[in-house]
Structures are given as C-alpha cells and as structure tokens.
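The lines below spell out each chain.
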Amino acid sequence: MAGPEPLVLVSLSTLYQDGQARTLQAILDALAGLALRALVTTGPSVDPAGLRAPANVEVRALAPHAELMPRASLVVGHWGHATTMAALSHDLPLLLFPMLAQGDQPVIARLLAARGAALTLAKDIPPARIREAVQALLGNSAYRASAASLGALIRRRDGAQEAADQLAELLPA
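The text that follows walks through the structure, step by step, so that each part is easy to find. (Residues numbered from 1 in each chain as written. Predicted model: local features only at pLDDT ≥ 70, side-chain atom pairs only at ≥ 80, totals over all residues. Heavy atoms only, no water.)

1. Overview of the sheet that holds strand β5 (residues 94–96)
Short version of the rule: In this description, strands pair whenever DSSP reports at least two bridges between them. Secondary structure follows DSSP: runs of H or I at least 4 residues long count as helices, runs of E at least 2 residues long count as strands, and numbering of each begins at the N terminus. Lines fitted to the C-alpha atoms define the axes, with helices restricted to the stretch that makes contact. Angles between their N-to-C directions range from 0 to 180 degrees. Note on definitions: a residue-residue contact is assigned when non-hydrogen atoms from the two residues lie within 4.5 Å.
Read across the sheet, 6 strands follow the order β3-β2-β1-β4-β5-β6 without closing on themselves; strand pairing throughout is parallel. Unpaired on one side and paired on the other, β3 (57–60) and β6 (118–120) mark the two borders of the sheet. Taken pair by pair, the neighbouring strands of this sheet meet at an average axis angle of 15 degrees, ignoring direction. Strand direction decides the pairing type here: strand β2 (residues 37–41) and β3, joined by 4 bridges, are parallel. Following the sheet pairing, Leu-39 is matched in β3 by Glu-58. Relative to the sheet, helix α4 (residues 105–114) contacts β5 and β6, its axis offset from that of β6 by approximately 135 degrees.

2. Digging into the pairing of strand β4 (residues 74–77)
What counts is decided by this rule: Throughout this description, buried means an accessible area under 20% of the type-specific maximum (1.4 Å probe, protein chains only), exposed means over 50%, and partly exposed covers the range between. Handedness is read with the strands pointing away from the viewer; a crossover is right-handed when the path from the first strand over the helix to the second is clockwise.
The alternating pattern of β4 places Leu-74 and Val-76 on one face and Val-75 and Gly-77 on the opposite face, and all of these are buried. Sheet topology note: the strand β1 (residues 7–11)/β4 ladder contains 4 bridges and is parallel. By the bridge assignment, Val-8 is partnered in β4 with Leu-74. Two strands pair when backbone bridges link them, and β4 and β5 are joined in this way by 3 bridges, in the parallel orientation. In the sheet register, Val-76 faces β5, and the bridge partner there is Leu-95. For the handedness criterion, the β-α-β arrangement of β4, helix α3 (residues 81–89) and β5 is classed as right-handed.

3. Quick notes on unusual backbone geometry
Look at Asp-91: it is not a glycine, yet its phi comes out positive at around 65 degrees. With respect to the helices, strands and loops of the structure, Asp-91 is situated in the loop between α3 and β5.

4. Some remarks on α3
To be explicit about the condition: The directions from the helix axis to the C-beta atoms form the arc being described.
Inspection of α3 places Thr-83, Thr-84, Ala-87 and Leu-88 among the buried residues, and these make up the whole buried set. Buried residues of α3 fall within an arc of 130 degrees about the axis and therefore sit on the same side. Lining the buried residues of α3 we find α2 (65–68), β4, β5, α4 and α6 (141–156). One or two steps after α3, the chain reaches Asp-91, where phi turns positive at roughly 65 degrees.

5. Thoughts on α6
Rule in force here: Each residue after the first adds 1.5 Å to the expected span of a helix.
Between its first and last C-alpha, α6 extends 23 Å over 16 residues, near the 22 Å set by a 1.5 Å rise per residue. Taken as a whole, α6 has its buried residues at Tyr-143, Ala-147, Leu-150 and Gly-151. The buried residues of α6 occupy an angular sector of 110 degrees when projected down its axis, which confines them to one face. Residues of α6 that are exposed and point more than 90 degrees away from the buried face comprise Ser-141 and Arg-156.

Without other data, these values stay purely geometric and don't point to any function.
Pasting the structure below:
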C-alpha cells in the first residue's frame, strides 16, 4: 500500500451486519478512479472474492489497522468503538455508515458529525453520494483539525485509571 496518494482505510465490522456486503460494494464503486489508494477489510463475514474492487483499492479479509492508521488520511467505518477510537487517536476524520438502526451507532455517528470530525451516510446510499463525502473529507482540512482536537483529548486521558476510578465509586464505603 505504498504510494503518494492519500490512503483510505475501510472497515465495516468483523461481525455480520445486515447489508454489509452491499454497502462495501457501494463504497468500492465510489472509490473507483479517485486519486487515492484504499484498503478495504471485510472481516470473516464478507468474502473478499465476492466484491468487485477497482484498480486503486485492495480488498482483504483482515489487515493490521494499527500499522495502517499512522499512514492513513481517512477511515470509513460503521462506528465500531475500537476502529473509531483508534482513528480519532490518529487524528483521522471518519466517514460513518451506522449499520444498525438501534443502539449507539447512529447516535455516536451524529455526535462526531456535529463535532466536525465525521460525515455520516445511510448504509444504502448510492456510490455517487459516498464519492462526494470522501472527496469532502479529504479536501477540507477542517475535518482533520476537528478529528485532531478529539484525538488530543483521547490521548490525554488515562483510560485504565478512569475505569479504576469509576469501579471504585461503585464499591461500598
């Protein structure tokens, strides 16, 4: 995945989500011909061979996100906590496709969009809209600056200490 173009990391979940393969294909179609490189990870629930990838995109079942994020310019995801927090801790803006209508995915995606660090799209959006969102996120440094602001907050917090403090509050005095 070497090259001068921006690197886009796409990961919609390692767990099965309804419509996941269809959304991944729409993302692949949207990225075709753009001046970027992309790596799409499907997890075990979508067979990479079942997707049509354009020349500028590599599709794998799995890839080491921790090694890719320092070189990436954008992360496309479903608002999985691990991937989203990792992206923000690397100051990366996000294009989010909440795959579940219930739960926290849509709410968190909207909050990140309101903070200017992400754009959100429905999982059944056409490729042309996805393409516009990718271009907007890569072409406007304000998204990266907002993601960096949130990333700085994440890096300043000691998660283990905060968890221990919260658990201590639950213990009887």
